[in-house]
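Architecture and fold: a report
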Amino acid sequence: MKRIEDLAKDVKEELLKNITPFWLSLKDDENGGFIGVVKYDLEREPHADKGVILMSRIAWFFSSFYVAVKDGLITEEDMSQYGYGKEDIKKAAESAYLFIKEKCLDKEFGGVFWSVTYDGLPADTTKHTYNQAFAIYAMSEYYRAFGDKEALSIAKELLSIIEGKMRDEGGYLEAFTRDFKPASNEKLSENGVMATRTMNTLLHVMEGYSGLYRSSKDSEAGDRLREIYSIFKSHMYDEERDRQLVFFDHEYNSLIDLYSYGHDIETSWLMDMSADILGDSEWIPYIRRVTYEMAEAIYSEAFDGISLPSEAENGVVREIRVWWVQAETINGFLNAFLRDQSEEKFLTAAEKQWGYIKEHQIDHRSGEWFADTNKDGSPVEGGDIVNGWKCPYHNGRMCLLVMRWAKERV
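Description of the structure in this document. (Residues numbered from 1 in each chain as written. Predicted model: local features only at pLDDT ≥ 70, side-chain atom pairs only at ≥ 80, totals over all residues. Heavy atoms only, no water.)

What follows concerns helix α12 (residues 344-361). With 18 residues, α12 should cover 26 Å at 1.5 Å per step; its first-to-last C-alpha distance of 24 Å lies within 8% of that length. Along α12, the residues classified as buried are Phe346, Leu347, Ala349, Ala350, Gln353, Trp354, Tyr356, Ile357, His360 and Gln361. Here the buried face of α12 lies against α1 (2-24), α10 (284-301), β15 (321-322), α11 (323-339), β16 (372-373) and α13 (393-408). (Helix = DSSP H or I, 4+ residues; strand = E, 2+ residues; numbered from the N terminus. Expected span 1.5 Å × (residues − 1). Buried < 20%, exposed > 50% of the residue type's maximum accessible area, 1.4 Å probe, protein only. Contact = heavy atoms within 4.5 Å.)

Inspection of the secondary structure puts Ser140 in helix α5 (residues 129-146). Residue Ser140 is classed as buried on the basis of its relative accessible area, which comes to 1%. A polar contact is formed between the side chain of Ser140 and the backbone nitrogen of Leu212, at a distance of 3.5 Å. In contact with Ser140, other than residues within four places in its own chain, are Ala155, Gly208, Gly211, Leu212 and Ser215. (Polar contact = N/O pair within 3.5 Å; in protein donor to acceptor, adjacent residues only side chain to side chain.)

Moving on to the nonpolar core. Ranked by internal contacts, the top residues of the largest apolar core, which has 150 residues, are Phe62, Phe65, Ile74 and Tyr209. Counting residues per element, this core draws most heavily on helix α2 (residues 52-70), at 14 residues. Once residues within four sequence positions are removed from consideration, Phe62 is found in contact with Thr20, Trp23, Leu24, Phe34, Ile89, Ala92 and Ala93. (Core = buried A, V, L, I, M, F, W, Y, C linked by side-chain atoms within 4.5 Å.)

If you trace the three strands from one edge of the open sheet to the other, you get β12-β13-β14, paired in antiparallel fashion. One side of each edge strand has no neighbouring strand; the edge strands of this open sheet are β12 (258-260) and β14 (316-318). Taking each pair of neighbouring strands and ignoring which way they run, the sheet shows an average axis angle of 20°. The strands touched by helix α9 (residues 261-278) within the sheet are β12, β13 (311-313) and β14, with β12 carrying the most contacts at an inclination of about 50°. (Pairing = 2+ DSSP bridges. Axes fitted to C-alpha atoms, helices over the stretch in contact; angles between N-to-C directions.)

Moving on to unusual backbone geometry. Unusually for a residue other than glycine, Phe180 sits at a positive phi of about 70°. Position of Phe180 among the secondary structure elements: in the loop between β7 (175-176) and β8 (197-198). Judged by relative accessible area, Phe180 falls into the buried class, the value being 11%. At Lys217, a residue that is not glycine, the phi angle is positive and equals roughly 55°. You can see Lys217 is positioned in the loop between α7 (199-216) and α8 (219-236).

The next thing to look at is α1. Given a rise of 1.5 Å per residue, 23 residues ought to cover 33 Å, and the 31 Å separating the end C-alpha atoms of α1 matches this to within 8%. The sharpest bend along α1 measures roughly 40° and falls at Leu15. (Bend = angle between axes of the 7 residues up to and from the residue.)

Pairing in this open sheet of three strands is antiparallel, and the strands run β1-β2-β3 from one edge to the other. At either margin of the open sheet sits one strand with a lone partner, and together these are β1 (50-51) and β3 (122-124). Sheet topology places strand β2 (residues 115-116) next to β3; two bridges connect them, and they run antiparallel. Note that in β3 the partner of Val116 across the bridge is Pro122.

Residue position: Lys390 is located in the loop between β16 and α13. Each C-alpha atom of the pair Lys390 and Leu54 lies 7.2 Å from the other, and the pair is 336 residues apart in sequence. Engagement of the side chain of Lys390 in a polar contact is seen with the side chain of Glu368, the distance being 2.5 Å.

A few words now on the state of the cysteines. Tallying each qualifying case throughout the model produces zero disulfides. Cys399 provides the cysteine sulfur closest to Cys391, a residue in no disulfide bond, and the two sulfurs are 13 Å apart. By relative accessible area, Cys391 is classed as buried at 0%. (Disulfide = S-S within 2.5 Å.)

The subject of this paragraph is the packing of α8 against α9. α9 packs onto α8 with a crossing angle of 140° between their chain directions and a minimal axis gap of 11 Å. For the crossing formed where α8 meets α9, the hand is left-handed. Residues Gly222, Leu225, Arg226, Tyr229 and Phe232 of α8 lie in contact with α9, whose contacting residues are Thr267, Met271, Ser274, Ala275 and Leu278. Here the residues of the contact of α8 with α9 are counted per class, giving six nonpolar, three polar and one charged. (Left-handed = near helix turned anticlockwise from the far one by under 90°. Nonpolar A, V, L, I, M, F, W, Y, C, P; charged D, E, K, R; others polar.)

What follows concerns the packing of aromatic side chains. A complete count under the given rule lists 28 aromatic pairs for this structure. Pairing Phe134 with Tyr137 gives two aromatic rings, centres 6.2 Å apart and planes at 80°, and the pair type is edge-to-face. Residue Phe134 and its partner Tyr137 are located together in helix α5, separated by three residues, close to a single helical turn. Neither residue differs from the other here; Phe134 and Tyr137 are each classed as buried. Relative to Tyr261, the ring of Tyr259 has its centre 4.8 Å away and its plane inclined at 70°; by these criteria the two rings are edge-to-face. You'll find Tyr259 and Tyr261 in the same group, each marked buried. Over the aromatic face of Tyr172 sits the side chain of Arg167, whose NZ or CZ is 4.9 Å from the ring centroid. When the ring centre of Trp323 is taken as origin, the NZ or CZ atom of Lys390, which lies over that ring, is 4.8 Å away. (Phe/Tyr/Trp six-rings, centres within 6.5 Å; stacked < 30°, edge-to-face > 60°. Lys NZ or Arg CZ within 6 Å of the ring centre and 35° of its normal.)

Moving on to the pattern of salt bridges. Enumeration according to the criterion identifies 45 salt bridges in this entry. For Arg241, the salt bridge is made with Asp257, and the minimal N-O distance between the two is 3.6 Å. Separated by 16 residues along the polypeptide, Arg241 in the loop between β9 (237-238) and β10 (243-244) and Asp257 in the loop between β11 (247-248) and β12 bring together distant segments of the chain. Using a relative accessible area of 37% as the deciding quantity, one classes Arg241 as partly exposed. Its relative accessible area of 29% is what places Asp257 among the partly exposed residues. Arg397 is the salt-bridge partner of Glu266, the closest N and O atoms lying 3.0 Å from each other. You can see Glu266 sitting in helix α9 and its partner Arg397 sitting in helix α13, a full 131 residues away along the chain. Its relative accessible area of 2% is what places Arg397 among the buried residues. Salt bridges sharing partners connect three or more residues here, namely Glu163, Arg167, Glu220, Arg224 and Glu227. (Salt bridge = Lys/Arg side-chain N within 4 Å of Asp/Glu carboxyl O.)

As far as function goes, none of this settles anything; it's purely spatial.
What follows is the structure, given as structure tokens:
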């Protein structure tokens, strides 16, 4: 379909011309990994701490880019016109991978730290389930790209840590001290609540395990994915409102009326893809239905025809347009259209959202995206261009997904 081909061509140029060169330029050849902070004024802070989520997401991004090269979605000619090539992508992925392996893994207690200093000493030694899940995602994709068996071994060991130390009989818990004693969950709690369990952590444990299963068909990851789907069905998904609940106490009582538009539209395609990867015929019909319902609800209740606000608390919409939410909106709406191509509204919504991104979200000074924009498209000044959360994972992944879907699903 020409409209999807045109969208794929557009995002491919964004990936090759803007996002990738920017992140390549942040590789820290002196200390390893990548520079951890770039301020709004584009000042780089080479001595800032390096978030392990950031390092994992960078490792995942460049590994996934390399997979796209192997699969013929990106050619040497594509890259060379912007001054880099396949080996540059490989070296970038390797730099992030080695930094995680050598500096971010806790050799004494296991797992990965929350953050390390610029030269790789422990900074924040919190062990968070969310963080372990992203390291699994990164290690699994690195193995998929380069066949490095040690990366696969690390991913499996991190799964064992999550399952052995970071959950109970009811499901996944959140924050722990360095030696895995329970800790408060400020890092994944927001909006004035302190959550014992969160939808966000469950979503990304699912993502990490799905990546591991795709890369290796690991049976433990497959079994745990089925359990995650069951937790989602029993506790996370609100069937009456076609949306997820967000923050919970230990018994899965919801703590707040929060509608996270970004996480719902992300879940709508990510869980759908997870079901495809696992290929469990018992779960696929349910997941197909509820993920489509989530996309439909976002379209009807939150999307303004051009872009997507971040969330609504007690019915009050937060109108800021967050960079990652805009990227995931394209993924979610395009996936919904590809599931039912009679619903052209979803394709149109994805195109409109891309138009907003091109006009407002991309920071043409740097090639990266502004963290936040106002509803009118003006940037919210002061937001970091790079930090422990601000990475090439959401926008880079969107580009890679649209390119792949245009080739494989149309």
